[in-house]
Amino acid sequence: MSENKIFQYVQFKSVVAPDFWYKLAENKLNIEKLDEIDQHIVGTYTNLNAKNCLIDFDCTSFNSKIVTSRNKFGAVGVLKNLNTIESFKNCDKISLLNTAGNQLITNILNGTCLENPSELASFLLLSFADLKKYNFYYWFAFPASLDLVIYEASPSQFISEKFTDEDIKNFTLKIDSLDTKQSAFFIANKTLDVILLKDAISHVKTDSNLLDFDLSSNYFCFSDPSESKCGWVLRNYILLLYLLCPILRGQSINILSVRQSEQNSLKASKVFYVTLPKYNDDFQFLTWTSWEKNNNGKMMPRIANMSEVMDPIKTAEHFA
Amino acid sequence: MDMINKIKSTSLSMAEKLTPVLKESKFKENGRLTPEEFVAAGDHLVHMCRTWNWSNGDESKIKSYLPADKQYLVTKNVPCQRRCKDMEFSGIEKIVEETEGEDGWVTQEVDDENEINESVAEMTLESNKIDELREKETNTQDEEEEEALDMEDFEESGMLETIDPSVAIVQPTASKSADPNNEIDSVVHCRSYDLHIVYNKYYQTPHLFLIGYDENKKLLTVDEMFEDVSQDNAKKTVTFEQHPHLGPSMLAVHPCRHGDLMKKFIQIAEEGGNELSVYSYLIIFLKFVQSVIPTINYDFSQTIKTN
């Protein structure tokens with residue numbers, strides 16, 4: 001019965017700090033001016049005391065060097081800042097999302113995502129800056145394949161129900177020593193030894209991937225920004241496994257959602273058991289989801305008014 | 001006082017440019033820090049409290065006296081469930097230090113949650129306060145409606161609204177009580193704050209900046225943010241200033257007395273036969289600024305031995 005239950009993910013919820021808009025406005029005025037160029041930016045998410053699957057953006061999103069730390073993981077995306085409100089309103093959001101989705105597939109197939117698993121946490125940001133009123137119109141999308149549906153194989157378990165305290169303790173040390181690009185998505189064996197994606201999976205000879213791999217005693221791990229059901233980032237990890245490891249199709253696999261708390265505890269971490277589908281060989285992932293809904297659950301963009309913190313006249317009132 | 005603050009913060013940004021970087025340790029002498037000591041204390045904080053991280057900030061605003069990837073410390077999405085302003089109706093605060101003119105630090109006890117909840121529940125607001133709150137609520141509603149009208153054009157038709165079976169439905173956090181009789185005092189808005197610890201070159205101490213969001217992660221107004229500051233410190237020790245590494249303005253706990261306070265802590269510790277190391281500076285610092293922002297729940301750290 002439980003085999004037919006569709007496995008569900010918690011969507012990312014974007015949190016944009018005022019300094020993100022400040023930097024965007026500064027770049028628009030000083031660098032891009034009237035050009036509409038796609039910019040590569042980054043967001044961050046954490047699996048430490050995580051709640052609500054948040055993804056953060058601030059002025060460091062524009063930096064060339066990204067400072068991550070033990071529990072701060074990078075997400076990679078494209079910013080499309082448009083010049084007019086009309087072009088913001090009229091641009092074809094479906095085709096934008098499809099382009100982003102196809103790019104993700106390309107990055108999986110050419111090995112980029114194995115080398116840098118953070119590429120799996122991908123996003124798209126469409127924006128228009130009304131610099132006179134300090135209004136920023138924006139809309140995030142977090143591309144994921146609508147076609148790839150997986151099923152719950154059996155109920156989830158807490159990490160302590162599957163592993164010894166000793167193994168869990170060592171696991172914490174091993175994750176801490178990894179670069180966060182790698183600790184975002186990786187594999188662990190039955191004693192929780194870490195195996196990097198790039199060491200276990202090849203993008204060239206996919207048919208031989210994980211051939212001698214015991215699926216019941218290995219775990220596909222990811223750092224989870226969500227506290228109950230699995231966070232959105234897992235969805236593209238599953239896509240990677242489906243595309244690069246044909247042997248997994250139609251099989252049940254173990255997912256380990258790594259969640260940390262203060263005092264270095266992993267006790268909120270959970271093991272999920274899921275079954276991957278088996279589509280025909282010529283199956284194409286064509287439909288992509290999803291644009292973020294606004295606070296009222298509607299399919300529309302948001303406005304951030306930054307006059308409180310950016311408009312010299314308004315801020316002067318508060319200085320006084 | 002407000003006017004003085006205004007002049008102070010403008011002249012300070014000038015003075016900061018002219019002040020030489022502190023080279024020798026003045027920690028024991030006057031509770032101040034060199035940039036190296038700030039970095040060491042920051043490393044210790046990051047090690048002890050995993051929620052704090054170093055940030056490089058805006059790359060075009062890097063301060064040369066600090067390492068490029070350790071410009072300031074940040075912790076994000078810190079929950080703030082109660083309004084400090086409301087708590088103060090119930091009079092559960094006490095003065096820890098003899099007030100010296102206007103600069104005295106006032107602290108609040110938030111240890112006993114039950115007690116607070118009870119007193120909040122029992123709290124009877126004066127009628128003018130209720131009117132004030134009601135009025136405010138209506139105003140925000142109006143604003144939201146206005147915004148919704150503006151945005152309606154932007155709503156996308158069915159095209160984007162595909163049904164995705166793999167999306168977990170997350171219940172939106174209820175912000176209002178269903179009981180209509182209770183509508184005013186049971187409104188609980190879980191806000192969240194980002195906190196930044198910046199090195200203030202002029203005062204040679206840490207400088208705390210904060211910025212808050214409502215339950216939908218929408219930026220709060222400055223007045224709303226002041227509701228989460230101990231009312232005796234609002235607009236005195238806490239001001240609204242431009243963040244030196246970022247650009248936009250944020251609330252800031254004025255650092256003018258941090259050095260003296262820290263010196264006092266060192267003395268208390270010494271009297272108790274303990275020596276405070278410069279590494280624990282920021283952990284102690286966070287303890288004492290907690291009295292200014294008592295409802296922002298960032299402190300998971302251990303207790304500090306002073307005796």
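These remarks concern the structure in this document. (Residues numbered from 1 in each chain as written. Chains lettered and ligands numbered in written order. Predicted model: local features only at pLDDT ≥ 70, side-chain atom pairs only at ≥ 80, totals over all residues. Heavy atoms only, no water.)

1. A closer look at the overall build of chain A
Moving on, step 1. Along chain A, the regular secondary structure elements total eleven helices and 16 strands.
Moving on, step 2. Within the span of chain A, comprising 320 residues, buried residues form 58% of the whole.
Moving on, step 3. When the accessible area of chain A is evaluated, it comes to approximately 13300 Å², of which 51% is carbon and sulfur surface. (Helix = DSSP H or I, 4+ residues; strand = E, 2+ residues; numbered from the N terminus. Buried < 20%, exposed > 50% of the residue type's maximum accessible area, 1.4 Å probe, protein only. Areas by Shrake-Rupley, 256 points an atom, 1.4 Å probe, with all protein chains shown as cover.)

2. Examining the overall build of chain B
Moving on, step 1. When helices and strands are tallied, chain B shows nine helices and eight strands.
Moving on, step 2. Each of the 307 residues in chain B was classed as buried or not, and the buried ones make up 47%.
Moving on, step 3. Of the accessible surface of chain B, which amounts to about 15600 Å², a share of 49% is contributed by carbon and sulfur atoms.

3. Observations concerning the nonpolar core
Moving on, step 1. With 149 residues, the main nonpolar core has Ile201(A), Phe220(A), Tyr237(A), Ile253(A), Ile197(B), Leu208(B) and Phe285(B) as its most contacted residues.
Moving on, step 2. Element by element, the count of residues in this core is highest for helix 9 (residues 233-244) of chain A, at ten residues.
Moving on, step 3. The residues touching Ile201(A), leaving out its near neighbours within four places in the chain, are Leu114(A), Ile187(A), Asn209(A), Leu210(A), Leu240(A), Leu241(A), Leu244(A) and Cys245(A).
Moving on, step 4. Phe163(A), Ile168(A), Val271(A) and Tyr273(A) belong to the second-largest nonpolar core, a separate cluster that totals 15 residues. (Core = buried A, V, L, I, M, F, W, Y, C linked by side-chain atoms within 4.5 Å. Contact = heavy atoms within 4.5 Å.)

4. Thoughts on helix 6 (residues 165-177) of chain A
Given 3.6 residues to a turn, an α-helix orients residues that are three or four positions apart in the same direction.
Residue and element names in this part refer to chain A.
Moving on, step 1. The first and last C-alpha atoms of helix 6 sit 19 Å apart over 13 residues, in line with the 18 Å expected at 1.5 Å per residue.
Moving on, step 2. For helix 6, the complete set of buried residues consists of Asp167, Ile168, Phe171, Thr172 and Ile175. Down the axis of helix 6, the sector holding all buried residues measures 145°, keeping them to one side. Exposed and facing more than 90 degrees away from the buried side of helix 6 are Lys169, Leu173 and Ser177.
Moving on, step 3. At its buried positions, helix 6 is contacted by helix 5 (159-162), helix 7 (180-183), strand 9 (185-188), strand 10 (194-195), strand 11 (219-223) and strand 13 (252-258). (Expected span 1.5 Å × (residues − 1). Arc of directions from axis to C-beta.)

5. As for the interface of chain B and chain A
One widely used convention gives an interface's size as the accessible area the parts lose upon coming together.
Moving on, step 1. Contacts between the two partners involve 54 residues from chain B, matched on the other side by 69 residues from chain A.
Moving on, step 2. Counting each side, the surface lost to burial between chain B and chain A is near 5400 Å², with a carbon and sulfur contribution of 57%.
Moving on, step 3. Between Asp58(A) and Lys76(B) there is a salt bridge; the shortest N-O distance is 2.7 Å.
Moving on, step 4. Joining chain B to chain A, the criterion identifies 23 residue pairs in polar contact (both at pLDDT 80 or more).
Moving on, step 5. Elements that contribute at least two residues to the side of chain B that touches chain A include exactly helix 1 (2-18), helix 3 (35-48), strand 1 (53-55), strand 2 (72-80), strand 6 (205-213), helix 7 (222-226) and strand 7 (238-242) of chain B.
Moving on, step 6. Here the residues of the side of chain B that touches chain A are counted per class, giving 21 nonpolar, 15 polar and 18 charged. (Buried area = accessible area lost by both parts, 1.4 Å probe. Salt bridge = Lys/Arg side-chain N within 4 Å of Asp/Glu carboxyl O. Polar contact = N/O pair within 3.5 Å; in protein donor to acceptor, adjacent residues only side chain to side chain. Nonpolar A, V, L, I, M, F, W, Y, C, P; charged D, E, K, R; others polar.)

6. Topic: the pairing of strand 13 of chain A
Within a regular beta strand, the side chains point alternately toward one face of the sheet and then the other, so they alternate between its two faces.
All names here are of chain A.
Moving on, step 1. Burial runs high along strand 13: six of the seven residues are buried.
Moving on, step 2. Pairing between strand 11 and strand 13: five bridges, direction parallel. Counterpart to Ser223 in the pairing with strand 13 is Val258.
Moving on, step 3. Where strand 13 and strand 14 (residues 270-275) come together, six bridges link them in antiparallel fashion. Bridge pairing in strand 14 places Ser252 opposite Thr275. (Pairing = 2+ DSSP bridges.)

7. Digging into the packing of aromatic side chains
Residues and elements named next belong to chain A.
Moving on, step 1. Applying the stated rule across the entire model yields 36 aromatic pairs over all chains.
Moving on, step 2. On the numbers, 5.9 Å between centres and 80° between planes, the contact of Phe7 with Phe272 is edge-to-face. Residue Phe7 is found in the segment before strand 1 (9-10), and its partner Phe272 is found in strand 14; the two are separated by 265 residues along the sequence. Phe272 matches Phe7 in its accessibility class, with the two residues each being buried.
Moving on, step 3. Both rings, one in Phe140 and one in Phe142, keep their centres 5.9 Å apart while their planes meet at 5°; by these two values the pair is stacked. By the burial criterion, Phe140 is buried, and Phe142 matches it.
Moving on, step 4. A network of ring pairs unites the aromatic residues Phe12, Phe20, Trp21, Tyr45, Phe57, Phe62, Phe73, Phe123, Phe136, Tyr138, Phe140 and Phe142 as a single cluster.
Moving on, step 5. The lysine or arginine in question, Lys93, covers the ring of Phe88, its NZ or CZ lying 6.0 Å from the ring centre.
Moving on, step 6. Cation over ring: Lys270 sits above Phe158, and NZ or CZ is 4.8 Å from the ring centre. (Phe/Tyr/Trp six-rings, centres within 6.5 Å; stacked < 30°, edge-to-face > 60°. Lys NZ or Arg CZ within 6 Å of the ring centre and 35° of its normal.)

8. Remarks on the sheet that holds strand 2 of chain B
All names here are of chain B.
Moving on, step 1. Reading across from one edge, 1-2-5-6-8-7 is the order of the six strands in this open sheet, with antiparallel pairing throughout. If you trace the sheet from one side to the other, it starts and ends with strand 1 and strand 7, each paired once. Across the sheet, the mean angle separating the axes of adjacent strands is 40° when strand polarity is ignored.
Moving on, step 2. Here three bridges tie strand 6 to strand 8 (residues 249-253), and the two strands are oriented antiparallel to one another. Counted as the bridge partner of Phe209 is Ala252 from strand 8.
Moving on, step 3. Against the sheet, helix 3 contacts strand 1, strand 2, strand 5 (191-200) and strand 6, and its axis sits at roughly 135° relative to strand 1. (Axes fitted to C-alpha atoms, helices over the stretch in contact; angles between N-to-C directions.)

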